[in-house]
Amino acid sequence: MTNLDSIVALAKRRGFIYPGSEIYGGITGFWDYGPLGTELKNNIKKEWWKSMVQMREDVVGLDAAIIMNPRVWEASGHTKVFADPLVECKVCHKRFRADKDEILLSHEKTHKEKVSWTDPKQFNLLTEVYLGVTEPKEKAYLRGEITQGVFVNFRNVVDSTRIKIPFGIAQIGKAFRNEITPGNFTFRSREFEQMELEYFVKPGDDKWFDYWKKERMKWYESLGMAKDHLRLRDHEEHERAHYARFATDIEYNAPFGWSEFEGIHHRGDFDLGNHKLKYRDDIAGEEYTPWVIETSGGVDRAALFFLLEAYHEEPVRNASHSDAGGEKRVVLKLDPRLAPKKVAVFPLVSNKENITAKAQAVYAILKARYMTAWDARGNIGKRYLAQDEAGTPWCVTVDYTTLEDDTVTIRDRDTTKQDRVNISKLVAYIDEKLGSL
Ligand code: GAP
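## So, the overall build of the protein chain
- For the protein chain, the helix and strand inventory stands at 14 helices and 23 strands.
- Along the three orthogonal principal directions, the C-alpha set of the protein chain runs to about 75 × 70 × 50 Å.
- With 437 residues in all, the protein chain has 51% of them scored as buried.
- Put simply, of all contacts in the protein chain between residues at least 6 apart along the chain, 65% involve residues at least 24 apart.
- Total accessible area on the protein chain stands at roughly 21,300 Å², and carbon and sulfur atoms take up 50% of it.
- One finds the centroid of the 65 positive side-chain charges in the protein chain at a distance of 2 Å from the centroid of its 68 negative side-chain charges.

What follows is the structure in structure tokens.
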């Protein structure tokens, strides 16, 4: 199994993820995405949107504000019960979640003396913000889940789109939680991004919870997560969030144990009921409070787990002129749809003007269509290795033969095999590979 340190090091080295505010010593629970990480996250969100909105007739999108009227959080129950029970170590006064036995045990081992704990206390996870310029300022919250924006716009969406139940509203955006114990790299952060679907059904229409569990598992598998690295785990009653009738987590077999990165929740009529919203079915002539089935995924956790899944160290296969003669390569075997750069273009040598000019012309064609890298430094083998680490599926080299017959080599990241393709066919070649996925 890939260890977390390899991913943390690669993320920093290649520009996927950096510690937040690093030059000022960082800030616990906040992370910044670099050039490659931004592309990876965007691609995850793009694929999610494609499968959840673009390909469906029964789902529409929304982008609600991060800060909402604080009454929303009272109605939703978050000001009261969105809390973790915490205990404090009486030796060092650090606070930990009371429900994580393994963390408490490992903390006990860090002290020589016997540790005792305070009784558990509830700490609210909502992050407060203050609005306005004159005192007293108006207290509001950064949203603790993106979900409530969907519920408060339920009537707006129904009225403006005429969409009929069963239907869903999808949203992607940042959420904030005052997590007491951020950790495991980006896994538990204080600022993170969620991708959620709220699917509204007629009360009693029971098939949707199972339907969405299956759909979401299929989606992660279709983008390269191995079946045996994934599992569904039903919540015990005591684990369930205050809004959930029942809940199942999609978990990944991470280096720090099986870990949730998406929750499928049956929220019943909890939220629409609290916001006093109903749905009117004009054809059947009835009015009711719909039930909600929710799929709530974390973009950051998905990005981390896609990186862990993709990370491979393997011997360099063809230690010929075209692949470096080193012993080992690090290769990110990301699904090409998720890869930050789809293709890289290299001039075989950087000191021949006609080769560089031809390579620039190829680069111009490709970058108009795909995120494309350009590299003219060092030898070709080193350039391949650099692109392997970045997860770039294809590398195109312009060489002396190109000047004669307009063909280039295109090398596959995973097999390291090369094809020779006419420049006029390059886009079709790449499109065919991407389109067949
Ligand atoms: N609307 C339902 C909801 O927010 P949740 O299980 O609390 O449910 C859903 O969160 C997903 O959001 C989690 O599965 C995880 O991927 C992500 N998430 C939650 N807290 C997080 C944190 N502190 N850091 C990173 N991701 C987090």
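## Side note on the nonpolar core
- Core analysis: the largest hydrophobic core is formed by 53 residues, its most contacted members being Phe16, Ile44, Met195, Tyr220, Phe261, Phe305 and Phe306.
- Of the residues forming this core, the biggest block, 9 residues, is contributed by helix α10 (residues 299-310).
- Setting aside residues no more than four positions away along its own chain, isoleucine 44 makes contact with Met195, Trp219, Val299, Ala302, Ala303, Phe306 and Leu338.

## Here we look at helix α7 (residues 154-161)
- Among the residues of α7, Phe154, Val157 and Val158 are the ones counted as buried. Taken end-on, α7 shows its buried residues confined to a sector of 95°, consistent with a single buried face.
- Turning to α7, the residues buried within the fold contact β3 (59-62), α6 (148-152), β9 (167-176), β10 (191-201), α9 (270-274) and β14 (279-281).
- One or two steps after α7, the chain reaches arginine 162, where phi turns positive at roughly 65°.

## Remarks on the pairing of strand β12 (residues 246-254)
- Summarising burial for β12: 7 of the 9 residues are buried, a large majority.
- Two strands pair when backbone bridges link them, and strand β11 (residues 230-234) and β12 are joined in this way by 5 bridges, in the antiparallel orientation. Bridged to leucine 230 within β12 is tyrosine 252.

## Here's the deal with the sheet that holds strand β5 (residues 95-97)
- Strand order in the open sheet formed by 3 strands is β5-β4-β6, with antiparallel pairing between adjacent strands. Edge positions in the open sheet fall to β5 and β6 (121-124), since each of these has one partner strand only. Ignoring which end each strand starts from, the neighbouring axes of this sheet average 50° apart.
- Note: strand β4 (residues 83-88) against β6, 4 bridges, orientation antiparallel. By the bridge assignment for β6, leucine 86 is matched with lysine 121.

## With respect to the sheet that holds β11
- With respect to topology, 7 strands assemble into an open sheet ordered β3-β9-β10-β16-β13-β12-β11, the strand pairing being mixed. The sheet terminates laterally at β3 and β11, the two strands that pair on one side only. Averaged over all neighbouring strand pairs, the angle between strand axes comes to 25°, with direction disregarded.
- Examined bridge by bridge, strand β13 (residues 257-268) and strand β16 (residues 291-298) share 6 bridges and lie antiparallel to one another. Note on β16: the bridge partner recorded for glycine 263 is serine 296.
- Contacting β10, β11, β12, β13 and β16, helix α8 (residues 208-222) runs over the sheet at an angle of about 145° to β13.
- Packed onto the sheet, α10 meets β10, β12, β13 and β16 and runs at close to 110° relative to β10.

## Topic: the environment of lysine 121
- Locating lysine 121 in the fold gives a position in strand β6.
- In sequence terms lysine 121 and alanine 98 are 23 residues apart; their C-alpha atoms lie 8.7 Å from each other.
- Apart from the residues within four sequence positions on either side, lysine 121 is in contact with Asp84, Pro85 and Leu86.

## Digging into the domain arrangement of the protein chain
- Taken as a whole, the protein chain is organised into domain 1 (4-70 + 128-307), domain 2 (83-124) and domain 3 (341-435).
- In this structure, domain 1 and domain 3 have C-alpha centres spaced 37 Å apart.
- Facing 7 residues of domain 1, the contacting portion of domain 3 comprises 6 residues.
- Where domain 1 abuts domain 3, roughly 550 Å² becomes buried across the two surfaces, and 46% of that area is made up of carbon and sulfur atoms.

## Digging into the packing of helix α2 (residues 35-54) against α8
- Contact geometry for α2 and α8: axes closest at 12 Å, N-to-C directions at 140°. In this view, α2 runs oblique relative to α8, as classed from their interaxial angle. Handedness of the crossing formed by α2 with α8: right-handed. When α2 is examined against α8, the residues Ile44, Glu47, Trp48, Ser51 and Met52 are found in contact with a partner set consisting of Trp212, Arg216 and Trp219.
- Here the residues of the contact of α2 with α8 are counted per class, giving 5 nonpolar, 1 polar and 2 charged.

Criteria and cut-off values
- For every chain, the first residue of the written sequence is number 1, and numbering continues from 1 along that sequence.
- Note on the predicted model: pLDDT of at least 70 is required for a residue's local features to be given, and 80 or more for side-chain atom pairs to be given and counted; whole-chain, interface and lining totals, by contrast, use all residues.
- Hydrogen atoms and water are omitted, and side-chain values are computed over all heavy atoms in the structure.
- Secondary structure elements follow DSSP: runs of H or I no shorter than four residues count as helices, runs of E no shorter than two count as strands, and numbering proceeds from the N terminus.
- Only protein chains enter the calculation, and the probe is 1.4 Å; a residue is then buried if its accessible area is under 20% of its type maximum, exposed if over 50%, and partly exposed in between.
- Here a residue-residue contact requires only that any non-hydrogen atoms of the pair lie within 4.5 Å.
- Here the Shrake-Rupley method, with its probe set to 1.4 Å, supplies the accessible areas, and only the displayed protein chains count as covering residues.
- Only four residue types enter the charge count: Lys and Arg as positive, Asp and Glu as negative, with His and the chain ends excluded.
- Working definition for charges: the position is that of NZ of Lys, CZ of Arg, CG of Asp or CD of Glu.
- Remark: nonpolar core denotes a set of buried residues (Ala, Val, Leu, Ile, Met, Phe, Trp, Tyr, Cys) joined through side-chain atoms within 4.5 Å.
- The arc in question is the one spanned by the directions pointing from the helix axis to the C-beta atoms.
- Pairs of strands are assigned from DSSP output, requiring at least two bridges between the strands.
- For helices, the fitted axis covers only the stretch in contact; all axes are lines through C-alpha atoms, and the angles between them, taken along N-to-C directions, range from 0 to 180 degrees.
- In this entry, domain limits derive from an automatic or database-based domain assignment.
- As used here, buried area is the combined drop in accessible area, with a 1.4 Å probe, of two parts when they are placed together.
- Small angles under 35 degrees read as roughly parallel and large ones over 145 as roughly antiparallel, with 65 to 115 read as roughly perpendicular and the rest as oblique.
- By definition, any crossing whose near helix is turned counterclockwise from its far helix by less than a right angle is left-handed, and any crossing with a clockwise turn is right-handed.
- Charged means Asp, Glu, Lys or Arg here, nonpolar means Ala, Val, Leu, Ile, Met, Phe, Trp, Tyr, Cys or Pro, and polar covers whatever is left, Gly included.

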